[in-house]
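In case you want the letters, here they are:
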Amino acid sequence: SRASTTRSSRTTPTGRSRAQRSKFWVPYYIMLKWFFALLIGVGTGLAAIFINLAVENFSGWKFTLTFAIIQHSYFVGFLVYILLNLALVFSSVYIVTQFAPAAAGSGIPEIKGYLNGVDTHGILLFRTLVGKIFGSIGSVGGGLALGKEGPLVHTGACIASLLGQGGSAKYHLNSRWVQIFESDRDRRDLVTCGCAAGVAAAFRAPVGGVLFALEEVTSWWRSHLMWRVFFTSAVVAVVVRSAMNWCDSGKCGHFGAGGFIIWDISGGQEDYSYQELLPVAIIGVIGGLLGALFNQLTLYITKWRRTYLHKKGKRVQIFEACLISLITSTVSFVLPLLRKCSPCPELETNSGIQCPHPPGTDGNFVNFYCSKDNEYNDLATIFFNSQDDAIRNLFSAKTFHEYSAQSLITFLVMFYSLAVVTFGTAVPAGQFVPGIMIGSTYGRLVGMSVVKFYKKLNVDEGTYALLGAASFLGGSMRMTVSLCVIMVEITNNLQLLPLIMLVLLISKAVGDFFNEGLYEEQARLKGIPLLDSRPKQVMRNMNAKDACKNQKVVCLPRVSRVVDIVSVLQSNKHNGFPIVERGQNGESLVIGLILRSHLLVLLQSKVDFQNTPFPCGPGILNRHNFSDFVKPASSKGKSIDDIHLTDEELGLYLDLAPFLNPSPYIVPEDMSLAKVYNLFRQLGLRHIFVVPRPSRVVGLITRKDLLLEEDGNTATTELQSTSSLPER
């Protein structure tokens, strides 16, 4: 709008019109974008380090204390284990319900909606960031069937948004020196960098983070944005790597090289045979079926939870999370007790694997409720352990016959059920790690069958666990390229790339046959209108007029009475209004579009009210700063109910022409609705005017008409047109 391009002369240099800025402004502005990308990378990396340090140490202390107690009494150890998990989960759900409700869940559907033009209140607040960090520590450290990777994406987005708007004004943690990005597009670019940084920090996968932002969360992508996102992910990788090197010396307690997710299987299966393609395809089909079933079950349970349970208040949400914590702790402690121990297998001397493993430390072959010292409990190795260590054990190479099929099936059924029930509770929850655990379990089962059937092949069970993890994530989240790169980066095995690609393609195709991806289903349940990548087939037989024929267009005259504007804002919830003006022949001409938020700013300021119903002069724009019309990304914005006007003020007039957008996007009424859909999707639009078919052509623009030549003076830029238009 014109208010977006004209600033007050009373503002700081960051608030002046770009046309009035010096020639140094553009390089300074670009430099700041890269500097903020650096800050986002450092901030997200530090947040990830803090979360992982806290989770690993809480989990380590919990298991060390429990193993020390069960040497004397398993019952007392069971009670201590339950109470420790319950305390951590209670702290998480209490923070979320009382302090930061928007921190519940993974946050990825909300961030995806924000980057596609849909604002959700509270998702980028400072308290949401705090609740996400500390809530993730409690929920993951408390042993629930969820992960911290999805919340890390939300954490990175919050850090980016807060940096972009200069901090949090509510908690007096803001500075005007960094309030440079007042454009909504610039802030969304920063949030995109934050999402990629979150994935890069969660998986130590910088390239996977870039592809995740490109494939999953944003629909409007530009080449220069990709460079900044790539730079941010690289910064995160450096920060995380530096922290891990510092922690290798033992300065971080239980946190060491294994704290961040990295399951190195490079020492396992080095090659594969064409005979293995059939079991690999079977893994892909199983992943698609179980992933689609997971999406459907979580959708039904979340609907029931939102309809009946969460409406009863915050105490019910706290009780629900604590009850699930009790069930999870009981299952993970009691089921290994019911499993008989197995004698330690013969291991290679240089394998680096010890059997049984000392109690209270991470590793394979855990001695839990065994009568002999040279025995181990295979179910406790994956159940009574942290999720990262359990996945590392399932992925481990050269550990044949470590798990029995009965134990893996028991774990698969129980953990799958716990993951379905836990998803949707009022705690920060990610689905990456639970999905990897579920997939690696049935993948290892298939690998055991392959080892038995193809006795001559150099087959490793850990390889099939990796393929199973990729297949379940592909069948549930429906990601392909980014997920493929993430799986390669976290396992350090490039040779299995073709097999990972194969299972991802099969699992996604099978899952798409039944329902949509996990994030799309949850976004639709939360009322976030996300647009699919392609329009539906029925839209190709419809035009733009068909989509809006049942709608009543609410227009405002250029000079409107204040009482009429207030009435329009109170009677509907539209976010944009066409502005019309009477032409010379008496027809109504559309002169632009004004946003609801801009009208609220004008009504609240009251400085533009006038007594006469005539257009105002050009000096009206000097009464406002550009920042007055910028909606903070982390605030709900103004409401018409918050504005109070007297009867005298309601009778005044307001000229809307200086504040409207004079050139909104316009389509003819007979344009295919599929083309309109693509415009919304690719340009990130919120409104499009539908007008009658134009009867006159002003000109024709080709690609060559958009090539610019500069002669050294930016004021004398010429268009190199190929059309024969008369010179002005």
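From a predicted model like this one, the values you see are computed outputs, not experimental measurements. (Residues numbered from 1 in each chain as written. Predicted model: local features only at pLDDT ≥ 70, side-chain atom pairs only at ≥ 80, totals over all residues. Heavy atoms only, no water.)

Draft legend 1. Layout of the overall build of the protein chain. Looking only at helices and strands, the protein chain has 24 helices and 13 strands in total. When burial is assessed residue by residue, the protein chain has 51% of its 728 residues classed as buried. Counting every atom, the protein chain has about 34700 Å² of accessible surface; 59% of that belongs to carbon and sulfur. (Helix = DSSP H or I, 4+ residues; strand = E, 2+ residues; numbered from the N terminus. Buried < 20%, exposed > 50% of the residue type's maximum accessible area, 1.4 Å probe, protein only. Areas by Shrake-Rupley, 256 points an atom, 1.4 Å probe, with all protein chains shown as cover.)

Draft legend 2. Quick peek at the state of the cysteines. Scanning the model with the defined rule gives one disulfide in all. The disulfide partner of Cys341 is Cys370, and the S-S distance across this bridge is 2.0 Å. Taking the sign of the S-S torsion, -90° for the link of Cys341 and Cys370, the bridge is left-handed. With Cys341 in the loop between α11 (314-337) and β3 (342-343) and Cys370 in the loop between β3 and β4 (375-376), the pair connects residues that are 29 residues apart, well separated along the chain. (Disulfide = S-S within 2.5 Å.)

Draft legend 3. Highlighting the nonpolar core. In this structure, Phe432, Met487 and Ile500 are the most contacted members of the largest nonpolar core, which totals 115 residues. Split by domain, this core shows at least three residues from each of two domains, domain 1 (28-248) and domain 2 (286-526). With near-sequence residues (within four places) excluded, Met487 lies in contact with Leu466, Ala469, Ala470, Leu473 and Ile500. (Core = buried A, V, L, I, M, F, W, Y, C linked by side-chain atoms within 4.5 Å. Domains from an automatic or database assignment. Contact = heavy atoms within 4.5 Å.)

Draft legend 4. Geometry of the packing of aromatic side chains. As enumerated under the stated definition, the model contains 17 aromatic pairs in all. Ring plane angle 65° and centroid distance 5.5 Å describe the contact between Trp34 and Phe231, whose orientation is recorded as edge-to-face. One end of the pair, Trp34, is in helix α2 (residues 25-70); the other, Phe231, is in helix α9 (residues 223-247), and 197 residues separate them in sequence. Classification of Trp34 as partly exposed rests on a relative accessible area of 34%. Residue classification places Phe231 among the partly exposed positions, given a relative accessible area of 29%. When the ring centre of Tyr114 is taken as reference, the NZ or CZ atom of Arg188 above it lies at 4.3 Å. (Phe/Tyr/Trp six-rings, centres within 6.5 Å; stacked < 30°, edge-to-face > 60°. Lys NZ or Arg CZ within 6 Å of the ring centre and 35° of its normal.)

Draft legend 5. Here's a closer look at the pattern of salt bridges. This model, assessed by the stated rule, comprises 17 salt bridges. Its salt-bridge partner being Glu520, residue Lys112 comes within 2.5 Å of it at the nearest N-O pair. One end of the pair, Lys112, is in helix α4 (residues 108-115); the other, Glu520, is in helix α19 (residues 518-525), and 408 residues separate them in sequence. Across the salt bridge formed by Glu320 and Arg305, the nearest N and O atoms sit 2.4 Å from each other. Taken together, the residues span a long stretch of sequence, with Glu320 in helix α11 and Arg305 in helix α10 (residues 277-309) at a distance of 15 residues. Each member of the pair, Glu320 together with Arg305, is buried. (Salt bridge = Lys/Arg side-chain N within 4 Å of Asp/Glu carboxyl O.)

Draft legend 6. Geometry of the UniProt feature "transmembrane region" (unreviewed entry) in the protein chain. The sites that carry the UniProt feature "transmembrane region" (unreviewed entry) are, in the present numbering, residues 26-54, 74-96, 190-213, 225-244, 277-298 and 408-426. When the span residues 74-96 is considered, its composition is 100% helix and 0% strand, and the gap between its end C-alpha atoms is 33 Å. For residues 190-213, the end-to-end C-alpha separation is 12 Å, with 92% helix and 0% strand making up the annotated structure. (UniProt positions renumbered as here; feature names shortened; annotations may be inferred.)

Draft legend 7. Representation of the environment of Lys573 within the structure. Among the secondary structure elements, Lys573 is positioned in the loop between α21 (562-571) and β7 (576-582). Under the relative-accessibility criterion, Lys573 is labelled exposed at 77%.

Draft legend 8. Expanded view of the packing of α10 against α19. Where α10 contacts α19, the axes come no closer than 10 Å and their chain directions differ by 20°. Comparing the axis directions of α10 and α19 gives the class roughly parallel. Seen from above, α10 lies across α19 with right-handed handedness. Judged by residue contacts, Phe294, Asn295, Thr298, Leu299, Thr302, Lys303 and Arg306 of α10 engage Leu518, Glu521, Gln522 and Leu525 from α19. Of the residues contributing to the contact of α10 with α19, the split by class is four nonpolar, four polar and three charged. (Axes fitted to C-alpha atoms, helices over the stretch in contact; angles between N-to-C directions. Parallel < 35°, antiparallel > 145°, perpendicular 65-115°, else oblique. Left-handed = near helix turned anticlockwise from the far one by under 90°. Nonpolar A, V, L, I, M, F, W, Y, C, P; charged D, E, K, R; others polar.)

Draft legend 9. View of the sheet that holds β7. Read across the open sheet, the three strands follow the order β5-β7-β8; overall the sheet is mixed. The open sheet terminates on both sides in strands that have one partner only, identified here as β5 (556-557) and β8 (588-595). Here β5 pairs with β7 via two bridges, running parallel. Bridge pairing in β7 links Pro557 to Val580. (Pairing = 2+ DSSP bridges.)

Draft legend 10. Inspection of the packing of α4 against α19 at higher detail. Interaxial distance between α4 and α19 falls to 9 Å at its minimum, and their mutual angle equals 80°. For the element pair α4 / α19, the angle class is roughly perpendicular. Across the interface between the two elements, Ile108, Pro109 and Lys112 from α4 touch Tyr519, Glu520, Gln522 and Ala523 from α19.

Draft legend 11. Highlighting the side chain of Arg305. Residue Arg305 is classed as buried on the basis of its relative accessible area, which comes to 3%. At 2.9 Å, the side chain of Arg305 and the backbone oxygen of Phe423 are in polar contact. When sequence neighbours within four positions are dropped, the list of residues in contact with Arg305 reads His310, Glu320, Ile324, Val421, Phe423, Gly424 and Thr425. (Polar contact = N/O pair within 3.5 Å; in protein donor to acceptor, adjacent residues only side chain to side chain.)

Draft legend 12. Representation of a nonpolar patch on the surface within the structure. Together, Val26, Ile30, Trp34, Met226 and Trp227 give the surface a local cluster of nonpolar side chains, amounting to about 500 Å² of exposed area. When residues of the nonpolar patch are traced back to their parent elements, those giving at least two are α2 and α9. Broken down by element, the residue count for the nonpolar patch peaks at three residues, all from α2. Note on placement: Trp227 falls in helix α9. Residue classification places Trp227 among the exposed positions, given a relative accessible area of 54%. (Patch = residues over 30% accessible without salt bridge, like charges linked within 9 Å, V, L, I, M, F, W, Y side chains within 5 Å.)

Draft legend 13. Local environment of the pairing of β7. Within β7, five of the seven residues are buried, which leaves the element mostly enclosed by the surrounding structure. Pairing between β7 and β8: seven bridges, direction antiparallel. Bridge assignment links Val580 to a residue of β8, and that residue is Val590. Connecting the antiparallel pair β7 and β8 is a turn made up of five residues, with Gly586 showing a positive phi of about 90°.

Draft legend 14. Summary view of the environment of Lys675. By secondary structure assignment, the location of Lys675 is in helix α24 (residues 673-683). On the basis of relative accessible area, Lys675 is assigned to the exposed category, the value being 55%.

Draft legend 15. The arrangement of α4 in detail. Counting buried residues along α4, eight of its eight residues qualify, which places the element largely inside the surrounding structure. On its buried face, α4 is in contact with α6 (149-164), α7 (184-203), α8 (206-217), α15 (432-453) and α19. Residue Gly117 follows α4 closely and has a positive phi angle near 95°.

Draft legend 16. Local environment of the environment of Gln317. For Gln317, the position within the fold is in helix α11. Once the C-alpha coordinates of Gln317 and Thr425 are considered, the two residues, 108 residues apart in sequence, prove to be 7.2 Å apart.

Draft legend 17. Structural context of unusual backbone geometry. One non-glycine residue with positive phi stands out, namely Arg204, at about 55°. Counting through the fold element by element, Arg204 comes out in the loop between α7 and α8. Positive phi outside glycine occurs at Arg478, with the angle close to 65°. Locating Arg478 in the fold gives a position in the loop between α16 (461-477) and α17 (481-491). The class of Arg478 is buried, set by a relative accessible area of 8%.

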